[in-house]
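The residues making up each chain are set out below.
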Number of protein chains: 2
Amino acid sequence: MTTTSMKDVARAADVSVGTVSNVLNRPDAVAEETRRRVQAAIARLGYVRNDSARQLRAGRSRNVAIVVLDVANPFFTDVVRGAEPLVDTAGGVVTVCDSGEDVGREAKQLEILEEQRVLGLLITPVDNSSAERLARLAAHEIPVILVDRGAGLHPHCSVAVDDVHGGRMAARHLLELGHESIAFAGGPTSIPQVDDRLTGCREVCEGAGAGLEVLTSVSLNVTGGREAVEQMLALPRPPTAVFCANDLIALGALQGLTMRGIKVPEECAIIGYDDIDFAAAAAVPLSSVRQPRAQLGRTAAQLLFDEISEGPGHTHRNVVFQPELVARASTAVNL
Amino acid sequence: MTTTSMKDVARAADVSVGTVSNVLNRPDAVAEETRRRVQAAIARLGYVRNDSARQLRAGRSRNVAIVVLDVANPFFTDVVRGAEPLVDTAGGVVTVCDSGEDVGREAKQLEILEEQRVLGLLITPVDNSSAERLARLAAHEIPVILVDRGAGLHPHCSVAVDDVHGGRMAARHLLELGHESIAFAGGPTSIPQVDDRLTGCREVCEGAGAGLEVLTSVSLNVTGGREAVEQMLALPRPPTAVFCANDLIALGALQGLTMRGIKVPEECAIIGYDDIDFAAAAAVPLSSVRQPRAQLGRTAAQLLFDEISEGPGHTHRNVVFQPELVARASTAVNL
DNA sequence: CGGCGCCATTGAATCGTTTCACGTGGGGTC
DNA sequence: GACCCCACGTGAAACGATTCAATGGCGCCG
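Residues numbered from 1 in each chain as written. Chains lettered and ligands numbered in written order. Predicted model: local features only at pLDDT ≥ 70, side-chain atom pairs only at ≥ 80, totals over all residues. Heavy atoms only, no water.

(A) Just the protein's contact with DNA strand D, in detail. Around DNA strand D, the structure places 20 residues, and the nearest of them are Thr19(A), Thr34(A), Met6(B), Tyr47(B) and Arg57(B). Among all atoms of DNA strand D positioned within 4 Å of the protein, those belonging to sugar or phosphate total 72%. Here a phosphate oxygen of DNA strand D sits 2.4 Å away from a polar atom, N or O, in the side chain of Tyr47(B). Interatomic distance of 3.4 Å between a backbone N/O atom of Asn50(B) and a phosphate oxygen of DNA strand D. Residue assignment for the surface near DNA strand D shows that the elements contributing at least two residues are helix H4 (51-58) of chain A together with helix H2 (17-25) and helix H4 (51-58) of chain B. Its residues assigned to classes, the surface near DNA strand D comprises eight nonpolar, eight polar and four charged. (Near = heavy atom within 4 Å. Polar contact = N/O pair within 3.5 Å; in protein donor to acceptor, adjacent residues only side chain to side chain. Helix = DSSP H or I, 4+ residues; strand = E, 2+ residues; numbered from the N terminus. Nonpolar A, V, L, I, M, F, W, Y, C, P; charged D, E, K, R; others polar.)

Structure (structure tokens):
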């Protein structure tokens, strides 16, 4: 008894396979009595639909994939959370893939997802290297929605936050508090979000004649934040404030500074990005640039289903949200 | 041009489909020149394998599903992280599903995973209601590994942490600090982990004649922690310490107490469970009962592949890890 | 020169569904 | 009583890949 198929059910209920299929997919088209007989057989045999066969016929699966840079980053899980309800409602299934900021992993996952003929794809690409493959997916009628990523030249829908502006807000906030030199922690700049945030920051610093130290050999997690602190303190004239490309880095930076006995915000201010829930709960509550995380996910899913239902006549939409500055204790001191 | 299939490739390269298949699956069995011709055709047409068809034939997919209670809980993402490398190496694909502690969602997801004929399943079940379905999966030769969940009566492999003992450790720690009455926050007790942790805690409290207030209408997240504080403070004689069933609740409790102006740990101590990374970084660094998160995931994946390779002769293994008490500032005061 | 074996390739069967063009029989209408 | 329509069911043809027995060609040995 490897697997029981519709044929077995049909035999057991003394009907044709076509009828079994109808019981499953259009119960109304089947007479009451027959339907019951088939359902009984299904239950008795413990029959379970074979989705591969179904998909093969349909040419498409019901899976919506979400490819994120880091599942362990609450920012992304919040995005996923935002998307789930919509996908559920539409009868889809969410598949979360973690590229781990690794171009190779990402490529492999995209390849597999393409082979699986997923219904659609929400993705925060690691960098631009996947553009070609994504275009191909789209050409094969697999809608691709870019998440947290400006439209740029790409032939896809997207939801994003104005990260350049977010960078400006953070920098401006720090300068207004009297800091004259700040550090930017987060890399590599091949990641568009990082680059945008840095761009906004740089713009403001240069405009104000403030110093800017850029630390880009820093991975986007807590460990990266601790390393950033080491690098910063090794500088000839360490800045008095750090702008971290995300909140995980900021938390790491906070830990690093605290371990070195440096007071936050008195001796060094910190501002993060994303405003994950843990930012507010940190040892020193973190100032941050808030992104509407769940809304990003929700909107992305919405765009996906819009694109699917609109079909070929669809024109891509690029939704941009504005970030919001949230000032907390980690930047609470005027110099 | 909906999709290009092997047939198209075969025609373009002027060979039979069988040969195309061979080029893809056993390149050595094909003559050099033919192989190149086929590969060229594949590249030119942009052919992508159809995994549904492949699976249909194979009777099985390459997907390893991980069903967790809450993707937004870092505990689970760390478990996923632990499992990923092994699955990758084995040529599998990780699919993360979020049951959201909802029995209905879980059931639906299991149904879908069964239809998809997943390669195997790592799951932290919401409660016992899924036992029957899980048994059926196992009977259909889909290995099921229970994660963070004692073996019990279940016919599956499992990895778990001794939660009863963890509960004891937490309670003992609090009593040793002089607390005479403690609150337990986390529910519902239909979730086995919660129940075990409470059991250990109760055992110690009763043994020592200490008071125990059980707050089980508390969901396992930050919001739940804030609510728990409200409930606790409404008691006639509020305890002087809270043991939270996980760290998210503990973080919420910390927020709740702080908002009420109650000092942690001086006026109320807190201890959590899991020791997620954010626990150490909290406003008041949280004491916690550490679980070997990544190792749970890694071991679970290992058990899965062992079971697959051992085949029918396999006997289930139940691996139990011991938790570890991590004392930090949130319980740093002797009464 | 005939026969043997090997290698590369072919073609057809198969996996389990869905779908659709066709029966078939019964009931209602005129 | 002729006719049509409906409601139910049927059976076979896809879907796209894998697999395996069969085939054909070729070189080599005797």
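The structure having been displayed, the exposition proceeds.
(B) Quick peek at the domain arrangement of chain A. When cut into domains, chain A gives domain 1 (6-49), domain 2 (61-161 + 293-321) and domain 3 (163-291). Each of domain 1 of chain A and domain 2 of chain A has a C-alpha centre, and these two points are 37 Å apart. (Domains from an automatic or database assignment.)

(C) Just the protein's contact with DNA strand C, in detail. Taken together, 21 residues form the shell around DNA strand C, and within it Met6(A), Tyr47(A), Arg57(A), Thr19(B) and Thr34(B) come nearest. Restricting attention to atoms of DNA strand C within 4 Å of the protein, one finds that 73% of them are sugar or phosphate atoms. Note that a phosphate oxygen of DNA strand C is positioned 3.1 Å from one of the side-chain N or O atoms of Asn25(A). Within the contact set of DNA strand C, a phosphate oxygen lies 2.4 Å away from a side-chain nitrogen or oxygen of Tyr47(A). Mapped by element, the contributors of at least two residues to the surface near DNA strand C are helix H2 (17-25) and H4 of chain A together with H4 of chain B.

(D) Seen up close, the sheet that holds strand S10 (residues 287-290) of chain B. All names here are of chain B. One open sheet holds the six strands; their spatial order is S7-S6-S8-S9-S10-S12, and the pairing between them is mixed. For this open sheet the edge positions go to strand S7 (211-215) and strand S12 (324-326), each flanked by a neighbour on one side alone. Between one strand axis and the next, the sheet turns by 20° as a mean value, whatever way the strands run. Bridging between strand S6 (residues 181-185) and strand S8 (residues 241-244) involves four bridges; their strand directions are parallel. Note that in S8 the partner of Phe184 across the bridge is Phe243. Sitting on the sheet, helix H10 (residues 222-233) is in contact with S6, S7 and S8, with an inclination near 130° to S7. (Pairing = 2+ DSSP bridges. Axes fitted to C-alpha atoms, helices over the stretch in contact; angles between N-to-C directions. Contact = heavy atoms within 4.5 Å.)

(E) Representation of the pairing of S7(B) in the model. All names here are of chain B. As defined by bridge partners, S6 adjoins S7 across five bridges and the pair is classed as parallel. Bridge assignment links Ile182 to a residue of S7, and that residue is Leu212. Handedness of the crossover joining S6 and S7 through helix H9 (residues 192-208): right-handed. (Right-handed = clockwise from strand over helix to strand, strands pointing away.)

(F) Main features of the packing of aromatic side chains. In the structure shown here, the tally under the stated rule is seven aromatic pairs over all chains. Taken together, a centroid distance of 5.5 Å and an interplanar angle of 75° make the contact between Phe184(B) and Phe243(B) edge-to-face. With Phe184(B) in strand S6 and Phe243(B) in strand S8, this residue pair connects regions lying 59 residues apart in the sequence. Taking the relative accessible area as the measure of exposure, Phe184(B) reaches 0% and is therefore buried. In this structure Phe243(B) comes out as buried when scored by relative accessible area, which is 0%. Taken together through their ring pairs, the aromatic side chains of Phe184(A), Phe243(A) and Tyr273(A) make up a single cluster. Over the aromatic face of Tyr273(A) sits the side chain of Arg197(A), whose NZ or CZ is 3.9 Å from the ring centroid. (Phe/Tyr/Trp six-rings, centres within 6.5 Å; stacked < 30°, edge-to-face > 60°. Buried < 20%, exposed > 50% of the residue type's maximum accessible area, 1.4 Å probe, protein only. Lys NZ or Arg CZ within 6 Å of the ring centre and 35° of its normal.)

(G) Local environment of the interface of chain A and chain B. Every contact between the two is made by 44 residues of chain A and, on the other side, 44 residues of chain B. Looking at the side of chain A facing chain B, the largest losses of area belong to Glu115(A), Arg117(A) and Phe278(A), adding up to 15% of the total buried there. Taken together, chain A and chain B are joined by twelve salt bridges. Taking the shortest distance from any N to any O, the salt bridge between Asp88(B) and Arg105(A) comes out at 2.3 Å. For the interface between chain A and chain B, the tally reads 20 residue pairs in polar contact (both at pLDDT 80 or more). (Buried area = accessible area lost by both parts, 1.4 Å probe. Salt bridge = Lys/Arg side-chain N within 4 Å of Asp/Glu carboxyl O.)

(H) Local environment of the relation of the copies chain A and chain B. After a rotation of 180° and a shift along the axis of 0.1 Å, chain A superposes on chain B with an RMSD of 0.1 Å. Both copies are brought into coincidence by an operation consistent with a two-fold rotation axis. Minimal C-alpha separation from the rotation axis in chain A is found for Ala283(A), amounting to 1.5 Å. Counting the interface residues of chain A, we find that 98% of their copies in chain B are interface residues as well, pointing to one common contact surface. (Least-squares fit on C-alpha atoms with pLDDT ≥ 70 in both.)

(I) Seen up close, helix H13 (residues 293-310) of chain B. Taking 1.5 Å of rise per residue, 18 residues should cover 26 Å, and H13(B) covers 26 Å from first to last C-alpha, within 8% of that figure. Of all the positions in H13(B), only Arg293(B), Leu296(B), Gly297(B), Thr299(B), Ala300(B), Ala301(B), Leu303(B), Leu304(B), Phe305(B), Asp306(B) and Glu307(B) are classed as buried. (Expected span 1.5 Å × (residues − 1).)

(J) Structural detail: the sheet that holds strand S8 (residues 241-244) of chain A. Residue and element names in this part refer to chain A. One open sheet accounts for six strands, arranged S7-S6-S8-S9-S10-S12; its pairing is mixed. What marks the edges here is a single partner per strand, and that holds for strand S7 (211-215) and strand S12 (324-326). This sheet shows a mean twist of 20° between the axes of neighbouring strands, independent of strand direction.

(K) Quick peek at the state of the cysteines. Residues and elements named next belong to chain B. All told, the structure shown has zero disulfides over all chains when counted by the stated rule. The thiol of Cys205 is not disulfide-bonded; the next cysteine sulfur, from Cys201, is found 4.2 Å away. Cys205 sits in the buried class, given a relative accessible area of 1%. (Disulfide = S-S within 2.5 Å.)

(L) Looking closely at the pattern of salt bridges. All names here are of chain A. For the structure on display, the rule yields 49 salt bridges over all chains. Between Glu32 and Arg35 there is a salt bridge, and its shortest N-O distance comes to 3.8 Å. Pair noted here: Glu32 and Arg35 are both in helix H3 (residues 32-45), with a separation of three residues, about one helical turn.

(M) Geometry of unusual backbone geometry. Note that the residue after Val264(A), namely Pro265(A), is joined by a cis bond; omega there is 10°. By the secondary structure assignment, Pro265(A) is in the loop between helix H11 (247-259) and strand S9 (269-274). If you check the backbone angles, Glu141(B) has positive phi at about 65° while not being a glycine. Looking at where Glu141(B) falls in the secondary structure, it is placed in the loop between helix H7 (131-139) and strand S4 (144-147). The exposure class of Glu141(B) is exposed, given its relative accessible area of 53%. The residue Asp148(B) is not glycine, and still its phi comes out positive at about 60°.

(N) Structural context of the packing of helix H8 (residues 163-176) of chain A against helix H9 (residues 192-208) of chain A. All names here are of chain A. Relative orientation of the contacting elements H8 and H9 amounts to 40°, with a least axis distance of 7 Å. Classified by the angle their axes make, H8 and H9 are oblique. Crossing hand, H8 versus H9: right-handed. Between H8, through Asp163, Val164, Gly167, Arg168, Ala171, Arg172 and Leu175, and H9, the contact on the second element is made entirely by Gln193, Asp196, Arg197, Gly200, Cys201, Glu203, Val204, Cys205 and Ala208. In the contact of H8 with H9, the residues fall into seven nonpolar, three polar and six charged. (Parallel < 35°, antiparallel > 145°, perpendicular 65-115°, else oblique. Left-handed = near helix turned anticlockwise from the far one by under 90°.)

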